Amino acid sequence: IVTKLLLLRTTHLIQIGLTITMNTTQCGIFKMTKEEKIALIKDWRKANGYTQEDAAEELGYASRVTIGYFEIGQRPIPEYVIKSITQLNKGANNE
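Residues numbered from 1 in each chain as written. Predicted model: local features only at pLDDT ≥ 70, side-chain atom pairs only at ≥ 80, totals over all residues. Heavy atoms only, no water.

Caption draft 1: Up close: the nonpolar core. Counting residues in each nonpolar core, the largest one holds 16 residues, and the members touching the most others are I41, L59, I67 and V81. Looking at this core, the elements that each hand over two or more residues are α1 (34-47), α2 (52-59), α3 (64-72) and α4 (79-94). In terms of residues, this core owes the most to one element, α1, which gives four residues. Contacts of V81, omitting those with residues within four sequence positions, involve I41, L59, Y61 and F70. (Core = buried A, V, L, I, M, F, W, Y, C linked by side-chain atoms within 4.5 Å. Buried < 20%, exposed > 50% of the residue type's maximum accessible area, 1.4 Å probe, protein only. Helix = DSSP H or I, 4+ residues; strand = E, 2+ residues; numbered from the N terminus. Contact = heavy atoms within 4.5 Å.)

Have a look at this one:
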């Protein structure tokens, strides 16, 4: 499945030029490479005008440091973070 990510911030529609190839497992969870996850979180944050601190708060982390580690590949990005970003994007698109 190839998809283009669409993010909505207030009334402005932003299309990120990021195409991600995702393979679904039997339970329907998306499998992405480490590089795709890094690009997704970084592009989501920037497209929404978030600082790392803003993104940490939005995703339920106490510190921006965790987001920084995700973005440079120092820590693996959990599947629930990817799902949260997807849900936040869906919610924004429905507003």
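Caption draft 2: Structural detail: the pattern of salt bridges. As enumerated under the stated definition, the model contains two salt bridges in all. Among the ionic pairs, E79 bridges to K37, the shortest N-O distance being 2.8 Å. Of this pair, E79 sits in helix α4 while K37 sits in helix α1, and the two are 42 residues apart along the sequence. On the basis of relative accessibility, which here comes to 23%, the residue E79 falls in the partly exposed class. A salt bridge links E71 to R45; the shortest N-O distance between them is 2.6 Å. Of this pair, E71 sits in helix α3 while R45 sits in helix α1, and the two are 26 residues apart along the sequence. (Salt bridge = Lys/Arg side-chain N within 4 Å of Asp/Glu carboxyl O.)

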